[in-house]
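# Observations on the three-dimensional arrangement
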Amino acid sequence: MDTTAPTVALKAKDYKSTIKPIWCPGCGHFAVLAAATKALAHLQLPREQVALISGIGCSSRLPAYIDSYGFHGVHGRAWPLAAGLKAARPELTVLVASGDGDGFSIGGNHFLHACRRNMDMTYIVMDNEVYGMTKGQASPTTAPDWVHSKMTPHGTGMRRFQPAAMALAAGATWIARGFSGDPTELTRLLVAAIGHPGFAVLHVLSPCQTFRPEQRLWKEQVHPFADPVTDDPVEAARRIHGDDGMSVGHIFAQEIPVWQPRNAATVSVAALEEEFHV
Ligand SMILES: Cc1ncc(C[n+]2csc(CCOP(=O)(O)OP(=O)(O)O)c2C)c(N)n1
Ligand code: SF4
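An account of the accompanying structure is given in this report. (Residues numbered from 1 in each chain as written. Chains lettered and ligands numbered in written order. Predicted model: local features only at pLDDT ≥ 70, side-chain atom pairs only at ≥ 80, totals over all residues. Heavy atoms only, no water.)

## A word on helix α5 (residues 108–117)
For α5, the complete set of buried residues consists of Gly108, Phe111, Ala114 and Cys115. Viewed end-on, α5 has its buried residues packed into an arc of 125°, placing them on one side of the element. Phi turns positive one or two residues past the end of α5, at asparagine 118, with a value near 55°. (Buried < 20%, exposed > 50% of the residue type's maximum accessible area, 1.4 Å probe, protein only. Helix = DSSP H or I, 4+ residues; strand = E, 2+ residues; numbered from the N terminus. Arc of directions from axis to C-beta.)

The structure is reproduced here in structure tokens:
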């Protein structure tokens, strides 16, 4: 007789924490949370083997709502935290979450170097083209003519960053764009991103109901990329730059060796303490 206890499959709800999200009703980040729990359940990742690291912002609250290890860190500094963790604990599935403000303003430099480093982790950026948490300042992805009556009454007048192009130029080895209005496709993309051996960037169009209500129209404006995923960076750049920014789907995937420091896991905590002792 087989006496081993049957393995109970984890469901999406098992990855939800008991903390209730405080996002505004209709915020796009709810769909990212749902996609993340569904993707983790699809992959049946043990919760204690997953670590979700974030910065600061409405989007960066994600780790609180997921029942895995998590760290709600410092604004724009999720990548060095995540890189340190992955260096010391390579067996963990490490996810990084942020908004466009956290990821491309204060954290822009860290984002670029995380792409270049190509450690095996997944970055989910929830892009609503605004700083939601701090009440509607323009972000690096805000259109130049977007007017906020108090803070940018004449628009920024500046060109905006194109996250997928930046990721490609900086060396990310997996890039896709998803939309929080299509949670099924978002889940599929996230499963693929986590499965990619290397630094995966999932750029999610995730509307801010409160400061960008016009983004409700994104539902009608998104459309799939015309071409399937490519491993050719030149072709990927052509597609990204020839796009209106509203195409969704898998853009680029390339398999090259991941960067993983060889001896990081062998350094003891006691040795580190000794080194930093003053
Ligand atoms: C060092 C520092 N500077 C500024 C802030 C204020 N701040 C908190 S969240 C945020 C921007 C958040 O925007 P985004 O990352 O786009 O996330 P969203 O809230 O839109 O999801 C800013 C500027 C801070 N917390 N710490
Ligand atoms: S302010 Fe915007 S981004 Fe923040 S929770 Fe509300 S809808 Fe979401």
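## Regarding the sheet that holds strand β7 (residues 223–224)
Taken together, 8 strands build an open sheet; the order of strands is β2-β1-β3-β4-β6-β5-β8-β7 and the sheet is mixed. Both outer strands of the open sheet, β2 (69–72) and β7, are each paired with one neighbouring strand and no more. Along the sheet face, helix α1 (residues 29–43) touches β1 (50–54), β3 (93–99), β4 (121–127) and β6 (199–205) and points at about 160° away from the line of β4. (Pairing = 2+ DSSP bridges. Contact = heavy atoms within 4.5 Å. Axes fitted to C-alpha atoms, helices over the stretch in contact; angles between N-to-C directions.)

## Brief notes about the packing of α5 against helix α6 (residues 163–170)
Their axes nearest at 8 Å, the elements α5 and α6 cross at an angle of 50°. Considered as vectors, α5 and α6 are oriented oblique to each other. When you trace α5 past α6, the crossing you get is right-handed. Facing Phe111, Leu112, Cys115 and Arg116 of α5, the residues of α6 in contact are Pro163, Met166, Ala167 and Ala170. Class assignment of the residues belonging to the contact of α5 with α6 gives a composition of 7 nonpolar, no polar and 1 charged. (Parallel < 35°, antiparallel > 145°, perpendicular 65-115°, else oblique. Left-handed = near helix turned anticlockwise from the far one by under 90°. Nonpolar A, V, L, I, M, F, W, Y, C, P; charged D, E, K, R; others polar.)

## Things to note about the site of ligand 1
Around ligand 1 lies a shell of 17 residues, among which Cys58, Ser59, Gly101, Asp102 and Gly132 are the nearest. The separation between an oxygen atom of ligand 1 and a polar main-chain atom of aspartate 100 is 3.4 Å. Measuring from an oxygen atom of ligand 1, one finds a backbone N or O atom of glycine 101 at 2.8 Å. The fraction of the free accessible surface of ligand 1 (590 Å²) that becomes covered by protein chains is 74%. (Near = heavy atom within 4 Å. Polar contact = N/O pair within 3.5 Å; in protein donor to acceptor, adjacent residues only side chain to side chain. Areas by Shrake-Rupley, 256 points an atom, 1.4 Å probe, with all protein chains shown as cover.)

## Looking at the pattern of salt bridges
All told, the structure shown has 11 salt bridges when counted by the stated rule. Arginine 239 serves as the salt-bridge partner of aspartate 227, at 3.8 Å between the closest nitrogen and oxygen. Here the residue aspartate 227 occupies a position in the loop between β7 and α9 (233–241), and arginine 239 occupies one in helix α9, the gap between them amounting to 12 residues. Using a relative accessible area of 33% as the deciding quantity, one classes aspartate 227 as partly exposed. Here arginine 238 and glutamate 235 are joined by a salt bridge, their closest N and O atoms 2.7 Å apart. Here arginine 238 pairs with glutamate 235, and both are found in helix α9, just 3 residues apart, close to one helical turn. When salt bridges that share partners are traced, they join Asp227, Glu235, Arg238 and Arg239 into one network. (Salt bridge = Lys/Arg side-chain N within 4 Å of Asp/Glu carboxyl O.)

## Some thoughts on the environment of glycine 171
Inspection of the secondary structure assignment puts glycine 171 in the loop between α6 and β5 (174–179). Along the chain, glycine 171 and glycine 84 lie 87 residues apart, while their C-alpha atoms are 19 Å from each other.

## Quick notes on the packing of α1 against helix α7 (residues 183–195)
Where α1 meets α7, the closest approach of the two axes is 8 Å, and the angle between their N-to-C directions is 50°. It follows from the interaxial angle that α1 and α7 lie oblique. Both α1 and α7 take part in a crossing whose hand is right-handed. Every residue of α7 that contacts α1 at Ala31, Val32, Ala35, Ala36, Lys38, Ala39, Leu40, His42 and Leu43 is listed here: Pro183, Leu186, Thr187, Leu190, Val191 and Ile194. When the residues that make up the contact of α1 with α7 are grouped by side-chain class, the tally is 12 nonpolar, 2 polar and 1 charged.

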